[in-house]
Amino acid sequence: ILSPDLLDLLYPVKFRNEVTQQASQIDPALVFSLIRQESNFNPRATSPVGARGLMQLMPGTARRIERKKRLDLYDPHTNIRIGAKYLGILRRQHNGDYARLIASYNAGPNNTKKWDARYSGEIPLLFADLIPFPETRSYVTGLMRHMYWYRALVSHIKEAHPTSRIQWSWSLQDVIPKREKFGLKPDAVFEAKIEPLPWSQQVVEPPGKNAVESR
């Protein structure tokens, strides 16, 4: 059984207020996972190529998004606000496909467009495995794994700011956008029941016989 201290070490939720206030339109699990991967929650982090702050933003990219010349990318509020805007742009470009969104964040939208044309129609997890850049392939699969755990630990991060509008639920659509490939109807509705995690303090009804039901 994992202790709360170990969980906090593995999947910290630092800068919770900044995330819930500045990134209210983005899945918080994605933001926390990306910060964990990019800077390990160090707001002063600087990469060899000049990326700055929690979400490791390049100054040029930040200026284009914010349309300002002077930006303090080491400020958590500023960094997360601009980073969330960029994630929103990528989300719209890729119709909410997390694998392609994350690949674009790491390797750039132009590379992802090339890979998307080459592997058009592939489901996100398979697309991630087919990425030709080893670094980006590892980055995408690692970040999606972090997202799973941050979502499982939603009780740690769901105390959102009252004005934020965060969607705390997620569906199989994240993983299987082309459900018809699996012989499923396009309008099928899924209900997933997940067993309570061993460190959870909440009392949850045990799952039924069918882990995933189709209606």
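Residues numbered from 1 in each chain as written. Predicted model: local features only at pLDDT ≥ 70, side-chain atom pairs only at ≥ 80, totals over all residues. Heavy atoms only, no water.

Q: How would you sum up the overall build of the protein chain? Please name residues and give values.
A: Within the protein chain one finds nine helices and two strands. N-terminal to C-terminal, the α/β element order of the protein chain is α-α-α-α-α-α-α-α-α-β-β. Classification of the 215 residues of the protein chain by burial places 39% in the buried group. Sequence-distant contacts, at least 24 apart, represent 53% of the contacts inside the protein chain between residues at least 6 apart. Total accessible area computed for the protein chain in this model is approximately 12,800 Å², and 51% of it derives from carbon and sulfur atoms. (Helix = DSSP H or I, 4+ residues; strand = E, 2+ residues; numbered from the N terminus. Buried < 20%, exposed > 50% of the residue type's maximum accessible area, 1.4 Å probe, protein only. Contact = heavy atoms within 4.5 Å. Areas by Shrake-Rupley, 256 points an atom, 1.4 Å probe, with all protein chains shown as cover.)

Q: Quick one: what's the story with a nonpolar patch on the surface, residue by residue and with numbers?
A: A cluster of nonpolar side chains, Leu-6, Leu-9 and Leu-10, forms an exposed patch at the surface whose accessible area comes to about 260 Å². Inspection of the secondary structure puts Leu-10 in helix 1 (residues 4–10). (Patch = residues over 30% accessible without salt bridge, like charges linked within 9 Å, V, L, I, M, F, W, Y side chains within 5 Å. Salt bridge = Lys/Arg side-chain N within 4 Å of Asp/Glu carboxyl O.)

Q: How would you explain the packing of helix 6 (residues 98–107) against helix 7 (residues 109–118) if you had to name every residue and give the values?
A: For any two helices packed against each other, the geometry comes down to the angle between their axes and how far apart the axes lie. Where helix 6 meets helix 7, the closest approach of the two axes is 7 Å, and the angle between their N-to-C directions is 135°. Classed by the angle they form, the pair helix 6 and helix 7 counts as oblique. Contact with helix 6, carried on its side by Arg-100, Ala-103, Ser-104 and Ala-107, involves Pro-109, Asn-111, Thr-112, Trp-115 and Asp-116 of helix 7 and no other residues of that element. Tallied by class, residues from the contact of helix 6 with helix 7 come to four nonpolar, three polar and two charged. (Axes fitted to C-alpha atoms, helices over the stretch in contact; angles between N-to-C directions. Parallel < 35°, antiparallel > 145°, perpendicular 65-115°, else oblique. Nonpolar A, V, L, I, M, F, W, Y, C, P; charged D, E, K, R; others polar.)

Q: So what's going on with the packing of helix 5 (residues 76–93) against helix 6? Residues and values would help.
A: In the contact formed by helix 5 and helix 6, the axes pass within 9 Å of each other and the chain directions differ by 130°. Viewed along their axes, helix 5 and helix 6 adopt a mutual orientation that is oblique. By crossing handedness, the relation of helix 5 to helix 6 is classed as right-handed. Within the contact between the two elements, helix 5 uses Tyr-86, Leu-87, Leu-90 and Arg-91 and helix 6 uses Leu-101, Ser-104 and Tyr-105. Broken down by class, the residue content of the contact of helix 5 with helix 6 amounts to five nonpolar, one polar and one charged. (Left-handed = near helix turned anticlockwise from the far one by under 90°.)

Q: Which residues make up the environment of Thr-141, and what are the values?
A: Structurally, Thr-141 can be placed in helix 9 (residues 134–152). On the basis of relative accessible area, Thr-141 is assigned to the partly exposed category, the value being 29%. In this structure the C-alpha to C-alpha distance between Thr-141 and Pro-124, which are 17 residues apart in sequence, comes to 9.9 Å. Setting aside residues no more than four positions away along its own chain, Thr-141 makes contact with Ala-128 and Asp-129. Within the local environment of Thr-141, its side chain forms a polar contact with the backbone oxygen of Arg-137, the two atoms lying 3.0 Å apart. (Polar contact = N/O pair within 3.5 Å; in protein donor to acceptor, adjacent residues only side chain to side chain.)

Q: Requested: an account of the side chain of Glu-18, with residues and values cited.
A: Looking at the secondary structure, you find Glu-18 in helix 2 (residues 16–22). The side chain of Glu-18 is buried and forms no salt bridge, while Arg-16, the nearest opposite charge, is found at 8.7 Å. In this view, Glu-18 contacts Ala-23, Pro-76, His-77 and Ile-80; residues no more than four positions away in its chain are not counted. (Lys, Arg positive; Asp, Glu negative; His and termini not counted.)

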